[in-house]
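Fold and contact review
Here are the chains, one letter per residue:
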Amino acid sequence: MNQFIFIFILIISFLSCKFNPLGGNHSQIEIGNTPFLGTPESFFATPSLGNLQVNLNWTDAKNADDYSVSYGTSSGIYENIVDNCTNIKTTSCIINNLKIGTKYYFKVTARNIFGSINAKNEAAITCCQRYLYVSNSNDNSIYYCQVSDDGSLSISTCGTAGSGFSGPTGIAILNSGAYISNSSNNSVTYCQVSGTGIFYGCSTASASFSGPNAIVVDSGYIYVLNTNLNSVSSCKILGNGILASCITAVTGFNIPLGLTIKNGFAYISNSNNNTVSSCAVSNGLLSSCNYVAAGGFAQLSGIDSNNDYLFVTNFVGNSVSSCVLGGNGVLPSCLFSSAFFSHTSNISVGSNGFAYVSNSTTNNVSACLIGTNGVLTSCNAVYSNTSVNTVKLN
């Protein structure tokens, strides 16, 4: 009798199978409590700072073949389908290219040949607020301001993100966490970051550096400039934010002050001889380092990049240089912005078409449009403090 019932269910299920617009041949039986299929549980969404994306997670549903996620901007209406979150075997996925300040609603559906079941709850979240972080060496704090879609800073939302650091220099954001290099005690601090941009739960991640300055996260490693040793250290990033297996990744620079990584290459600004070094990056090591830009600079300091250009601040020249990013770590040509800054010490470039430049003499931050040729234009002071050092857009 039990065998007959099981065979009957199988026949009905297979007869009802047809092409599913979400992909795969799955039953079109109405979504609900279907035989032999559990329900996805604990469905939740978390924003990923600075990436305009949301991370979705849920627990495995019993006997599920795969999962699909859809979303929308109204509760109960999920009109958007994303390829990388359709017919997936894992219990997590990432939705990209979302809009700052927009509230999104997400649905996850588990499926097998017998049908489909939605998670009991929808996940809802307001996406991806963007913040500009500014280090202040006078009071050993990190400040933040909310950044609007047009690149301006919402001054009413500025405040202290975290305090109690020790000569904070570099800032790196990874998902919902932040790493801060402390030049006074040769350490790196790890802090969790709330959805409103505030640091909490800060602790020492590692204390094996020497004059740590710029800091960058890339592919499971963190890279830290050691200005005192003219070197770069690398450490593996553990799940709890702690850094492990720290090593000297490369040496031989000339008072390095800036570091950025793009397309498998690290770019280091050498302030003492006004050059930019390029090194291949792989698994925590830097190799095949060469000078790829020299001449015309004036005491290089901060450095950052977008998809097309490398931007370097000229501290004495009161300007920013923009260099075309060529293949294999080469910089074919560089242009120089007008001298409308005041001892430019650092720069952070965002995907919103703006660059943020710190001016150490006037202790303020300039927001500039990035022109089609990479040159910065229409710069305006948007933030000031008692000390302005590193700037970092999340």
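It should be noted that the structure appears before, not after, this text.
The following refers to the structure shown. Note that the coordinates shown come from a computational prediction; the quantities given were computed from them, not determined experimentally.

**As for the pairing of strand β27 (residues 309-314)**
For β27, the buried fraction is high: six of the six residues fall into the buried class. Taking every second residue as pointing to the same face, both faces of β27 are buried, with Y309, F311 and T313 on one and L310, V312 and N314 on the other. Note that strand β26 (residues 300-305) and β27 share four bridges and pair antiparallel. Each residue of the ladder has a partner; that of D304, found in β27, is F311. Between β26 and the antiparallel strand that follows it, β27, lie three residues.

**Section: the state of the cysteines**
One pass over the structure, following the stated rule, counts seven disulfides. A sulfur-sulfur distance of 2.1 Å marks the disulfide that ties C368 to C379. Judged by the torsion about the S-S bond (120 degrees), the C368/C379 disulfide is right-handed. Taken together, the residues span a long stretch of sequence, with C368 in strand β32 (residues 364-370) and C379 in strand β33 (residues 376-384) at a distance of 11 residues.

**Things to note about the pattern of salt bridges**
For the coordinates displayed, the defined rule picks out one salt bridge. D66 serves as the salt-bridge partner of R111, at 3.2 Å between the closest nitrogen and oxygen. On the criterion of sequence distance, the pair formed by R111 in strand β8 (residues 103-112) and D66 in strand β5 (residues 66-72) is long-range, its members being 45 residues apart. One exposure class covers both R111 and D66, and it is buried.

Conventions we followed
Residues numbered from 1 in each chain as written. Predicted model: local features only at pLDDT ≥ 70, side-chain atom pairs only at ≥ 80, totals over all residues. Heavy atoms only, no water. Buried < 20%, exposed > 50% of the residue type's maximum accessible area, 1.4 Å probe, protein only. Helix = DSSP H or I, 4+ residues; strand = E, 2+ residues; numbered from the N terminus. Pairing = 2+ DSSP bridges. Disulfide = S-S within 2.5 Å. Salt bridge = Lys/Arg side-chain N within 4 Å of Asp/Glu carboxyl O.

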